[in-house]
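Each chain is listed here by its residues.
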Amino acid sequence: MKKSRSSMLHTAVVITFLSSMFCIGQGKVLEGQSVKSTILGKEVDYTVYLPTGYDDSTRSYPVIYLLHGYGGDENVWVQYGLIDHFMDSAIEKAQIPPSIVIMPDGGQYFYINDFQDNSRFEDMFFQEFIPMVEKTYRIKKTKEHRAVVGNSMGGYGAFLYGVKHHDMFGTCVPLSAAIISMDDPMTKNPMWKGLAKNLYGMDVDSQNPDTGHWDANNPIKLIQAIPKDKLKTRFYFDIGDDDFLYSGNAKAYVELRNIKVEHEFRINDGGHDWTFWRSSIPGFLKFIGQGFMRQ
């Protein structure tokens with residue numbers, strides 16, 4: 001039976017309407033944002049992803065703090081990670097509720113206060129940056145609706161913050177995290193030796209290195225001192241089977257397993273690069289979404 005022109009037009013209108021109802025669309029990325037830090041004595045740059053509908057609503061949103069690796073900046077998760085496209089897709093599939101993503105420039109300081117307090121990034125992040133973000137954007141101000149994620153150096157930062165500031169984050173995702181212990185092969189790396197000395201005041205070649213500041217910022221050691229009933233953060237680790245940072249990540253898994261902290265640990269095909277980290281995004285966004293949406 002041949003359809004009339006008016007019937008076909010009506011069908012097209014209905015399809016268009018339904019598409020507009022069920023297609024989430026694209027969020028937007030704002031680069032070149034900054035906040036003035038009194039603690040650091042400079043502007044701290046950041047990039048933000050806002051989900052579709054943010055400008056037209058009055059609702060508040062969950063937030064993901066996304067930390068970059070060594071040598072990166074506030075834009076790498078957009079430029080190389082394509083995080084905005086992955087967020088759009090995960091939201092459209094109802095794997096994560098519409099959420100804001102904040103990507104700060106963490107410099108090359110491993111997201112800590114260095115041993116001489118020359119760079120107090122951690123203090124800045126919790127005393128200035130998060131309060132500013134929550135004042136500027138409509139963000140839910142509860143632990144359950146905050147997540148912290150990072151890769152490599154940022155994976156260490158995410159793990160450290162998820163443990164040391166476990167009262168702040170409901171979900172923590174360290175990817176290929178730079179978790180390094182004194183017996184790790186990475187301690188022989190010249191770059192790491194320099195970082196250990198400059199950031200932690202630790203001479204790894206000494207027979208008795210001063211590990212005080214290192215221990216104070218070692219999430220594996222810190223996690224041992226937290227009462228089990230206090231550590232309610234959900235952890236999700238992902239690392240490539242060819243990644244050179246395997247040792248510390250394996251130790252983190254064993255420690256979390258021993259103390260029965262809720263976590264997921266993934267070893268997937270890949271190395272220490274953006275090809276691997278992009279492949280990790282759908283999995284960790286789904287995990288974060290489960291935390292944001294559970295009651």
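Please read all numbers here as calculations on a predicted model, not as lab measurements.

For the coordinates displayed, the defined rule picks out 9 salt bridges. Among the salt bridges present, the one from D183 reaches K251, with a minimum N-O distance of 2.6 Å. A residue pair is termed long-range when its members are at least 10 positions apart, and D183 in the loop between β6 (171–175) and α6 (190–200) and K251 in helix α9 (residues 246–258) qualify at 68 residues. For K251, a relative accessible area of 31% translates into the label partly exposed. Close ionic contact of E262 with R294 constitutes a salt bridge, the shortest N to O distance being 3.6 Å. Residue E262 is located in the loop between α9 and β8 (263–268), and its partner R294 is located in the segment after α10 (274–293); the two are separated by 32 residues in the primary sequence. For E262, a relative accessible area of 40% gives the class partly exposed. Given a relative accessible area of 44%, R294 falls into the partly exposed group.

What follows concerns the nonpolar core. By size, the foremost hydrophobic cluster in this structure holds 63 residues, and its most contacted members are Y65, I100, I102, F125, F129 and Y137. The element contributing the most residues to this core is helix α4 (residues 121–136), with 8 residues. Setting aside its immediate chain neighbours within four residues, Y137 contacts Q33, Y46, V48, L50, Y54, I100 and I102. Counting residues in hydrophobic clusters, the runner-up holds 27 residues, among them A90, A147, L175 and F284.

Burial analysis of β6 places 5 of its 5 residues in the buried class, the great majority of the element. Of the two faces of β6, the one holding T171, V173 and L175 and the one holding C172 and P174 are both buried throughout. Looking at chain direction, strand β5 (residues 146–151) and β6 are connected through 5 bridges and run parallel. When the bridges of β6 are listed, N151 appears paired with L175. One crossover worth recording links β5 to the parallel β6 by way of helix α5 (residues 153–164), and it is right-handed. Here β6 pairs with strand β7 (residues 234–240) via 3 bridges, running parallel.

Below, the discussion takes up the packing of aromatic side chains. Aromatic ring pairs are reported here in terms of the distance separating the ring centres and the angle at which the planes meet. Applying the stated criterion across every chain, the model contains 27 aromatic pairs. When the centroid spacing of 6.2 Å and the interplanar angle of 35° are considered together, the rings of Y80 and W274 count as tilted. With a gap of 194 residues between them, Y80 in the loop between α2 (76–79) and α3 (83–92) and W274 in helix α10 connect regions that are remote in the sequence. Owing to a relative accessible area of 44%, Y80 belongs among the partly exposed residues under this scheme. Taken together, a centroid distance of 6.1 Å and an interplanar angle of 70° make the contact between F126 and F169 edge-to-face. With a gap of 43 residues between them, F126 in helix α4 and F169 in the loop between α5 and β6 connect regions that are remote in the sequence. Both residues of the pair, F126 and F169, count as buried. An aromatic cluster of three or more residues is present, and its members are Y46, Y65, Y111, F121, F125, F126, F129, Y161 and F169.

To continue, consider the sheet that holds strand β1 (residues 28–37). Read from one edge to the other, the open sheet built from 8 strands follows the order β1-β2-β4-β3-β5-β6-β7-β8, with strand pairing classed as mixed. The open sheet terminates on both sides in strands that have one partner only, identified here as β1 and β8. If you compare each strand with its neighbour and ignore which way they point, the axes differ by 20° on average. As judged from the 6 bridges shared by β7 and β8, these two strands associate in the parallel manner.

How each quantity is defined
Residues numbered from 1 in each chain as written. Predicted model: local features only at pLDDT ≥ 70, side-chain atom pairs only at ≥ 80, totals over all residues. Heavy atoms only, no water. Salt bridge = Lys/Arg side-chain N within 4 Å of Asp/Glu carboxyl O. Helix = DSSP H or I, 4+ residues; strand = E, 2+ residues; numbered from the N terminus. Buried < 20%, exposed > 50% of the residue type's maximum accessible area, 1.4 Å probe, protein only. Core = buried A, V, L, I, M, F, W, Y, C linked by side-chain atoms within 4.5 Å. Contact = heavy atoms within 4.5 Å. Pairing = 2+ DSSP bridges. Right-handed = clockwise from strand over helix to strand, strands pointing away. Phe/Tyr/Trp six-rings, centres within 6.5 Å; stacked < 30°, edge-to-face > 60°. Axes fitted to C-alpha atoms, helices over the stretch in contact; angles between N-to-C directions.

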